[in-house]
Amino acid sequence: MLNIKGEIIDKEAQWSNFEHKVRKNVKKAIRENLTSKVYYKNIDENVIQNFHDVYIKTMKRTNANDSFFYSLEQFKAFCSSNENLCAICNVYDDQIVVSSGTFTYFKQFSFFIFRWNLGRLLR
């Protein structure tokens, strides 16, 4: 599981701080015409389901410990209990979710968990 935390900084500084591999994957996603949407407050159950699907596939693919296999109900409860702090970002390829991540906001800090599942796009 990848957990990133830190101070929110401006776009240019963030881009230059990304590792080469991250910048390369972002540029490839742009070339592949992927789109993204951030969902915040009143997150629809289908959005949470899409995130959970990607999350579980990623946990299986990476042979994660059983303790990381959270249920859909746990994610729904987390989102509804933390409505002002939680957001989900989905990445789409022709309206199919190929990547999804969660954000949790605390004052000026953001905690970010992202699950990549881009398959053919990142090979």
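See the structure printed just above.
Each chain has its residues counted from 1, running along the sequence as written. It should be noted that, the model being predicted, local features are given only for residues of pLDDT at least 70 and side-chain atom pairs only at 80 or more, the latter also being counted only at that level, while totals for whole chains, interfaces and linings use all residues. Derived side-chain values reflect all non-hydrogen atoms in the structure, with water molecules and hydrogen atoms excluded from consideration.

This paragraph deals with the pairing of strand S3 (residues 86–93). For the exposure calls, accessible area comes from a 1.4 Å probe over protein chains only, and a residue counts as buried if that area is under 20% of its type's maximum, exposed if over 50%, partly exposed in between. Labels follow the DSSP assignment, with helices taken as runs of H or I lasting at least four residues and strands as runs of E lasting at least two, numbered in each case from the N terminus. Buried residues dominate S3, accounting for eight of its eight residues. Burial along S3 is two-sided: the face carrying Cys86, Ile88, Asn90 and Tyr92 and the face carrying Ala87, Cys89, Val91 and Asp93 are both buried. Relative to S3, strand S2 (residues 35–40) is paired through six bridges, and the arrangement is antiparallel. Paired with Lys37 across the strands is Asn90, a residue of S3. Note: two strands are recorded as paired if DSSP finds a minimum of 2 bridges between them.

What counts as a ring pair is set by centres within 6.5 Å for rings of Phe, Tyr and Trp (its six-membered ring), and what kind of pair is set by the plane angle: stacked under 30 degrees, edge-to-face over 60, tilted for all other angles. Applying the stated criterion across every chain yields a total of six aromatic pairs. A ring pair is formed by Trp15 and Phe18, whose centres lie 6.0 Å apart and whose planes are at 85 degrees; its orientation type is edge-to-face. According to the relative accessible area criterion, Phe18 is partly exposed, its value standing at 29%. Among the aromatic side chains, those forming a connected cluster through ring pairs are Phe51, Tyr55, Tyr70 and Phe75.

Now for helix H3 (residues 45–61). Helix span, expected: 1.5 Å multiplied by one less than the number of residues in the helix. When the terminal C-alpha atoms of H3 are compared, their 24 Å separation across 17 residues agrees well with the 24 Å that a helix rising 1.5 Å per residue should span. Every buried residue of H3 is accounted for by Val47, Ile48, Phe51, His52, Val54, Tyr55, Ile56, Thr58 and Met59. Think of a polar contact as two N or O atoms within 3.5 Å of one another; within protein, one of them needs to be a possible hydrogen donor and the other a possible acceptor, and neighboring residues in sequence only count if both atoms come from side chains. Where H3 begins, the side chain of Asp44 points an oxygen toward the backbone nitrogen of Asn46, at a separation of 2.7 Å. Positioned one or two residues after H3, Asn63 has a phi angle of 55 degrees, which is positive.

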